[in-house]
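What follows is the residue order along each chain.
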Amino acid sequence: MPSLPSRAPESLLMSGGLATAFRTISPDEAAAVLHRHFGLSGTLTRLDTEKDDTFLVDGAQGRHIAKFSNPDEDPREISLQSELLDHVALADPLLPVPRLVRTSAGEAFLPHEDGHGQMRLVRVLTYLDGTPLDRLDATGEEREKVGATLGRLRLAMAGFSHPHDTREIAWDVRHLPKLAFLLDRIDDRERRAKLEQGLERFRGLQGRLAACRTQVLHNDFSRSNVVVDRKRPEFISGVIDFGDVVRTAIVIDLSTALLNHLSPTGSERMFDAARDLLRGYLSIADLTEDEVLLLPHMVMGRVIARALITTWRAEQFPDNATYILRNTHQSWSQLDHFLSRSADEISETFLGAATPLSARHVKEAFPS
């Protein structure tokens, strides 16, 4: 993998508009842009998002998602996401990912100066119907299907490259130590000390992480970004939000998905649901021995990143704090679980996750 340029830690928070406040675009203005450039009309409903203006468009042409980027978002990042969606659609046409709706001029996205004088990048995606996974309690079998879908997505993305895919973003756990400057934002001394302890443990694993396999990956396979329909045998009806896509370690992408299936309280059974997802993943895609051993540590890394980034962002954008902090409260008990056990003990977390369904891949990962 090409080496990354040296950057100030604070620059991680600028990527993708995480640090940029903006004035929202009105539904009427958005509707006019969509009609003029995409030929779409209908009722617009604003959706909760972290850093941009996103609308559900419901009209005669069906349902679509329209996104007006954060004014600070780099056009190369939108190009990366757009080209990746086209690639996945060709690599695995049955994967339920959004399809691009091009402008009347055939472009994947277009610039628009909004009524506030902000430059926005506008794109339209097909709408994937279903229920966000975070709104229901999935069964073990359903979680395995979620994991299998992530495995398929990884394989579909394996051959993709883009000039901007090595960007540095705050949500790529490879760069977690660079977020240490945010510790000063944690007022609670006990919590800050635990975050420092977790960061120190993570630093000790960086050499092994650097040796892991990498490729372009979704990097945000959370329950809110997976749409499901229990009437469908495949269960998964959509994988959405490719905003954090980046070339990173395979084990980091998987750890992000597992984090969102942990019990909210640190306990011996905290990983039960995550093991279901892992079994499904291993039925499609492989892991090396060291990736399996590093996997729970990368989950801990994501716990730390979430606590640091969301605490800072809630402070910067208090009007959106409820949305930003919606999953942060459970980070503290989860971090307690990791730190109350030795690094070697944590490494063994997923060694027993294999089932006959994944036996072939596990045999490859753990040869006799």
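Counting restarts for each chain: residues are numbered from 1 in the order of the written sequence. Owing to the predicted nature of the model, reporting of local features is limited to residues with pLDDT of at least 70; listing and counting of side-chain atom pairs is limited to 80 or more, with chain, interface and lining totals taken over all residues. For the side-chain quantities, the full set of heavy atoms in the structure was used; hydrogens and water were omitted.

**Considering the packing of aromatic side chains**
Moving on, step 1. Any two of the Phe, Tyr and Trp rings considered here, Trp counted by its six-membered ring, make a pair once their centres fall within 6.5 Å; the pair's planes then place it as stacked at under 30 degrees, edge-to-face at over 60, or tilted in between. If you walk through the whole model with that rule in mind, you get three aromatic pairs.
Moving on, step 2. Summarising the aromatic geometry, the rings of Phe 271 and Phe 338 are spaced 5.8 Å apart at their centres and angled 75 degrees between planes, so their arrangement reads as edge-to-face. Of the two residues, Phe 271 is situated in the loop between α6 (250-259) and α7 (272-282) and Phe 338 in helix α10 (residues 331-339); the sequence distance between them amounts to 67 residues.
Moving on, step 3. The cut-offs for exposure are 20% and 50% of the maximum accessible area for each residue type, with area from a 1.4 Å probe on protein chains only; residues under the lower value are buried, those over the upper are exposed, and the others partly exposed. A residue is classified by how much of its surface remains accessible, and Phe 271, at 2% relative accessible area, is buried.
Moving on, step 4. The exposure class assigned to Phe 338 is buried, which follows from its relative accessible area of 0%.
Moving on, step 5. Where Phe 271 meets Phe 350, the ring centres are 5.4 Å apart and the plane angle is 85 degrees; that geometry is what we call edge-to-face. Taken as a pair, Phe 271 in the loop between α6 and α7 and Phe 350 in the loop between α11 (343-347) and α12 (359-365) lie far apart in primary sequence, 79 residues in all. When sorted by exposure, Phe 271 lands in the same class as Phe 350, which is buried.
Moving on, step 6. The structure contains a cluster of three or more aromatic residues connected by ring pairs, namely Phe 271, Phe 338 and Phe 350. Helix numbering and strand numbering both begin at the N terminus, where a helix is a DSSP run of H or I of at least 4 residues and a strand a DSSP run of E of at least 2.

**Some points on the environment of Glu 29**
Moving on, step 1. Along the chain, the position of Glu 29 falls in helix α1 (residues 27-38).
Moving on, step 2. Taking the C-alpha atoms as reference points, Glu 29 and Gly 115, separated by 86 residues in sequence, lie 7.8 Å from one another.
Moving on, step 3. Whether two residues are in contact is decided by their heavy atoms, any of which lying within 4.5 Å being enough. The residues contacting Glu 29, other than those within four sequence positions of it, are His 112, Glu 113, Asp 114 and Gly 115.

**Comments concerning the nonpolar core**
Moving on, step 1. If you look at the biggest cluster of nonpolar residues, it comprises 81 residues, and the most contacted ones within it are Leu 153, Leu 195, Leu 254, Leu 258 and Leu 287.
Moving on, step 2. Within the second largest apolar cluster, 15 residues are counted, among which are Ile 25, Val 33, Leu 44 and Phe 68. Among the buried residues, those of types Ala, Val, Leu, Ile, Met, Phe, Trp, Tyr and Cys that are joined through side-chain atoms within 4.5 Å form a nonpolar core.

**Points about α10**
Moving on, step 1. The buried fraction of α10 amounts to seven of the nine residues, a majority that puts the element mostly inside the structure.
Moving on, step 2. Residues of α10 that are buried include every one of Ser 331, Trp 332, Gln 334, Leu 335, His 337, Phe 338 and Leu 339, and no others.

**Details of the side chain of Arg 306**
Moving on, step 1. Mapped onto the secondary structure, Arg 306 falls in helix α8 (residues 289-316).
Moving on, step 2. Those residues in contact with Arg 306 that lie beyond four places of it in its chain are Trp 171, Leu 259, Thr 311, Asn 327, Thr 328, Gln 330, Ser 331 and Gln 334.

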